[in-house]
Amino acid sequence: MKSDLVKTAIQNLLELFAKQDFPAEIGWQIIRRRSGLNAVPSDAWSPGNRWIMLASGTADARGFGAWNQSGRQVKPGSKALYICAPNTRRITSDDDDGPEAARTIIAGFRWIPVFRIEDTTGQPVPSADYTPKVLPPLYDVAAKLGASVKWQPFDGKALGKYRPSSKEIVLSDQTALTFYHELLHHLDCQVEPIRPGRLAEAELVAEFGASVLCALQGITGYESSSYRYLRSYVEGKEPEAVLRSVMTIAARVEKLVGVVLDAATLPASISA
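What comes next concerns the included structure. Source: prediction; values computed, not measured.

Conventions we followed
Position numbers for residues count from 1 along each chain, tracking the sequence in the order it is written. Side-chain atom pairs in this predicted model are given and counted only at pLDDT of 80 or more, local residue features only at pLDDT of at least 70, and totals for whole chains, interfaces and linings cover all residues. Only hydrogens and water are set aside; all other atoms, that is, all heavy atoms of the structure, feed into the side-chain values. We count a stretch as a helix when DSSP gives it H or I for four or more residues in a row; a strand needs E for two or more, and each element gets its number in order from the N terminus. Note on definitions: a residue-residue contact is assigned when non-hydrogen atoms from the two residues lie within 4.5 Å. Each accessible area is a Shrake-Rupley result for a 1.4 Å probe, and residues are judged covered by the shown protein chains and nothing else. Exposure categories follow from relative accessible area, calculated using a 1.4 Å probe and restricted to protein chains: below 20% of the type maximum is buried, above 50% is exposed, and the middle band is partly exposed. By definition, no residue in a patch forms a salt bridge, and every one has over 30% relative accessible area; like charges are joined within 9 Å, nonpolar side chains (Val, Leu, Ile, Met, Phe, Trp, Tyr) within 5 Å. Salt bridges, as used here, are contacts in which a Lys or Arg side-chain nitrogen is within 4 Å of a carboxyl oxygen on Asp or Glu. Between 30 and 60 degrees the pair is tilted, below 30 it is stacked and above 60 it is edge-to-face, where a pair is any two Phe, Tyr or Trp rings, Trp via its six-membered ring, whose centres lie within 6.5 Å. Here, a strand pair is defined by DSSP locating no fewer than two bridges between the strands. Axes here refer to lines fitted to C-alpha atoms; in helices the fit is confined to the stretch in contact. Angles between the N-to-C directions go from 0 to 180 degrees. As used in this record, nonpolar core signifies buried Ala, Val, Leu, Ile, Met, Phe, Trp, Tyr and Cys residues forming a set joined through side-chain atoms within 4.5 Å.

Overview of the overall build of the protein
And then number 1: Check the secondary structure of the protein and you find nine helices and eight strands.
And then number 2: Taking all contacts inside the protein whose residues are at least 6 apart in sequence as the whole, residues at least 24 apart take part in 60%.
And then number 3: When the accessible surface of the protein is totalled, it reaches about 15,400 Å², and 56% of it is carbon and sulfur.

See below:
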């Protein structure tokens, strides 16, 4: 069984590393640990065990006892994931330059079963304030333009999302590009609702607009990820179709970026 657990953990970690957004997945946990927030027990785990947890598709995992203490119970038939804890022992050694000294070594590992929050039921887990200490540039523009911003741990799916019904931007990443992308979705929705048939166009508007806003402020480092993102929405299309898409969104991108820039100069009491 031990060898199977090791193979599973390694495979999950390799799959996590294969994702292009892997650094952002662990970034949020690093932010919480640096701030001392420790919103969930796993925030106190070793980095390796937190990565194992993330690779299993959850942001919160605990043992039977910890879940019971929080008022939740593991669902019958749920499959545990395993984190590893070191087995340590003290040894003494002599050297030619000093007296006998004691030190602690790792003699192996033991596997500890934990369960994902998705595999439990019961009392709601108390929410924590996940707002990072350093906010994205132009963060106050969202409120001026009628959108609220909510922060949450990474859910394994998207670093950001926009909820048109509540005009809410949900972020798990504090980078300017992610914030601007969702802000552009908010503004684009005011022009035309994002229907299934317009999804590709809406994503192009949001990513092009976010990239332009970053470029205007001298923010770099996003170019390759934006290119891959944009390419995924035009992959396989005929060149003429790609050109039509770009021409269609160009005017809207320019207009929406202008709205953001105008709002950045308005007093907080004025709503655009």
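Observations regarding unusual backbone geometry
And then number 1: One non-glycine residue with positive phi stands out, namely Leu 138, at about 65°.
And then number 2: Inspection of the secondary structure puts Leu 138 in the loop between β5 (120–122) and α5 (141–144).
And then number 3: For Leu 138, a relative accessible area of 22% gives the class partly exposed.
And then number 4: Positive phi values are uncommon outside glycine, yet Lys 167 reaches one of about 50°.
And then number 5: Along the polypeptide, Lys 167 turns up in the loop between β7 (160–163) and β8 (168–171).

Digging into a nonpolar patch on the surface
And then number 1: Residues Val 212, Leu 216 and Leu 261 make up a contiguous nonpolar surface patch of roughly 240 Å² in combined accessible area.
And then number 2: Note that Val 212 resides in helix α7 (residues 199–216).

Overview of the packing of aromatic side chains
And then number 1: All told, the structure shown has four aromatic pairs when counted by the stated rule.
And then number 2: Centre to centre, the rings of Tyr 139 and Phe 179 are 5.9 Å apart; their planes meet at 40°, and the pair counts as tilted. Here Phe 179 lies in helix α6 (residues 176–191) and Tyr 139 lies in the loop between β5 and α5, a separation of 40 residues in the sequence.
And then number 3: Among the residues examined, Tyr 139 registers a relative accessible area of 22% and is labelled partly exposed.
And then number 4: A centroid spacing of 5.7 Å and a plane angle of 45° characterise the contact between Phe 179 and Tyr 180, whose relative ring orientation is tilted. Comparing Phe 179 with Tyr 180 shows no difference in burial state: the two are buried.
And then number 5: Here the aromatic residues Tyr 139, Trp 151, Phe 179 and Tyr 180 are joined through ring pairs into a cluster of three or more.

Some remarks on the sheet that holds β8
And then number 1: Taken in spatial order, the three strands make up an open sheet running β6-β8-β7, and their pairing is mixed. Of all strands in the sheet, those with a lone pairing partner are β6 (148–151) and β7, marking the two edges. Going across the sheet, the axis of each strand differs from the next one's by a mean of 20°, ignoring polarity.
And then number 2: In this fold α6 packs onto β6, β7 and β8, with an angle of close to 20° to the strand it touches most, β7.

With respect to the nonpolar core
Side chains of nonpolar character tend, in soluble globular proteins, to be buried together.
And then number 1: Leu 145, Tyr 180, Leu 183 and Val 260 are the most contacted members of the largest nonpolar core, which totals 29 residues.
And then number 2: Mapped onto this core, the elements with two or more residues apiece are α5, β8, α6, α7 and α9 (239–263).
And then number 3: Apart from the residues within four sequence positions on either side, Val 260 is in contact with Leu 138, Val 141, Leu 145, Leu 183, Leu 187 and Leu 213.
And then number 4: If you look at the next biggest cluster of nonpolar residues, it comprises six residues, including Trp 45, Ala 61, Leu 81 and Ile 83.

Some words on the environment of Cys 189
And then number 1: Mapped onto the elements of the fold, Cys 189 is located in helix α6.
And then number 2: By relative accessible area, Cys 189 is classed as buried at 13%.
And then number 3: Considered as a pair, Cys 189 and Tyr 162 are 27 residues apart in the sequence and their alpha carbons are 9.8 Å apart.
And then number 4: Ignoring sequence-local partners within four residues, the contact set of Cys 189 consists of Tyr 162, Pro 164 and Ile 194.

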